[in-house]
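Structure assessment
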Amino acid sequence: MRQAVEYDLVELVRLRALLFDDLGGDFFNPASTEDDWLDTLAVVLRKQLTEDGVRILVVDGDHDDCLAACGIGTIEQRLPGPHLRNGRIGHVIGVVTDPAYRRRGHSRSIMRGLLDWFGDSDVARVDLYASAEGEGLYRELGFTDHPDPSLYWRP
C-alpha cells in the first residue's frame, strides 16, 4: 500500500467509476448516461493528491500501470461540541477493489492506513457509508451504527 501520485490518476478514475457500477440502488440509479463526470473527477482528484486534508491510498496490481485497490480519506473541520471535542471529522470515501483482486486483504490494508492517518490527524470521529459487501470489514474495524439520521437534498 502507498499514497497515490499523479501517475495513478487514470487508474483512480477507473476504480471510482467501478465503485458506482457496483453500488446500484435507487439513490445511484438512473446513472448519468454521459461520462462528463469522469473528466471532472480527474480534475478534482489531481488537486486532492496534494491537499493536506485528503489521503488517497492505493495498492498496486500485478501489472504495470494497474491499481488493484484504492481508498480516499478526507478531514473536515466542523464546529466543536460535546460529542465532537475538536470538530474534526474524518470521512472514508469509496474504498474499492478491482474484481480481479478481491478477497486478498487490500481493502483492510487501505482502511488500516486511513485509520492510522486519521488517528495521527487528531480526528474526533470517522464516518463512512458502507456497501453490503464492505459492512462486515468496517464493523470488524470498530465502526458502529450512526445515531444521527441521514438525509440529503439535490438542487
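Note: the structure precedes this text.
Residues numbered from 1 in each chain as written. Predicted model: local features only at pLDDT ≥ 70, side-chain atom pairs only at ≥ 80, totals over all residues. Heavy atoms only, no water.

Here's the deal with the overall build of the protein chain
Let me state the cut-off plainly: Secondary structure elements are taken from DSSP: a helix is a run of H or I of four residues or more, a strand is a run of E of two residues or more, and numbering for both begins at the N terminus. In this treatment the radius of gyration is a C-alpha quantity, and the globule benchmark scales as 2.2 Å times the residue count to the 0.38 power. Each residue's exposure class comes from its accessible area (1.4 Å probe, protein chains only) as a fraction of the maximum for that residue type: buried when under 20%, exposed when over 50%, partly exposed otherwise. The contact definition used throughout considers only heavy atoms, calling two residues in contact when any of these lie within 4.5 Å. Computed by Shrake-Rupley with a 1.4 Å probe, the accessible areas treat only the displayed protein chains as cover when residues are assessed. Charged-residue counts in this description rest on Lys and Arg as positive and Asp and Glu as negative, His and the chain ends being excluded. Charged groups are reduced to one reference atom each: NZ for lysine, CZ for arginine, CG for aspartic acid, CD for glutamic acid.
Of regular secondary structure, the protein chain possesses 5 helices and 5 strands. In the protein chain, the succession of helices and strands from N to C terminus is β-α-α-α-β-β-β-α-β-α. In summary, the protein chain has a C-alpha radius of gyration of 16 Å against a globular reference of 15 Å for 155 residues, a match within 12%. Sorting the 155 residues of the protein chain into buried and exposed places 39% on the buried side. Partitioning the intrachain contacts of the protein chain with sequence separation of at least 6 by distance along the chain shows that 64% fall at a separation of at least 24. Split by element, the accessible area of the protein chain, about 10,200 Å² in all, is 51% carbon and sulfur. Between the centroid of the 17 positive side chains of the protein chain and the centroid of its 27 negative side chains there is a distance of 5 Å.

Points about the pairing of strand 3 (residues 67-77)
Rule in force here: For two strands to pair, DSSP has to find at least two bridges joining them.
Across the 11 residues that make up strand 3, a large majority, 9, are buried. Judged from the 7 bridges that link them, strand 2 (residues 54-60) and strand 3 form a sheet pairing that is antiparallel. In the strand pairing of strand 3, I56 is matched with I72. A loop of 6 residues connects strand 2 with strand 3, the two strands running antiparallel in sequence, and D65 in this loop sits at a positive phi of about 65°. With 8 bridges joining them, strand 3 and strand 4 (residues 88-97) adopt antiparallel strand pairing. Bridge pairing in strand 4 places C70 opposite V96.

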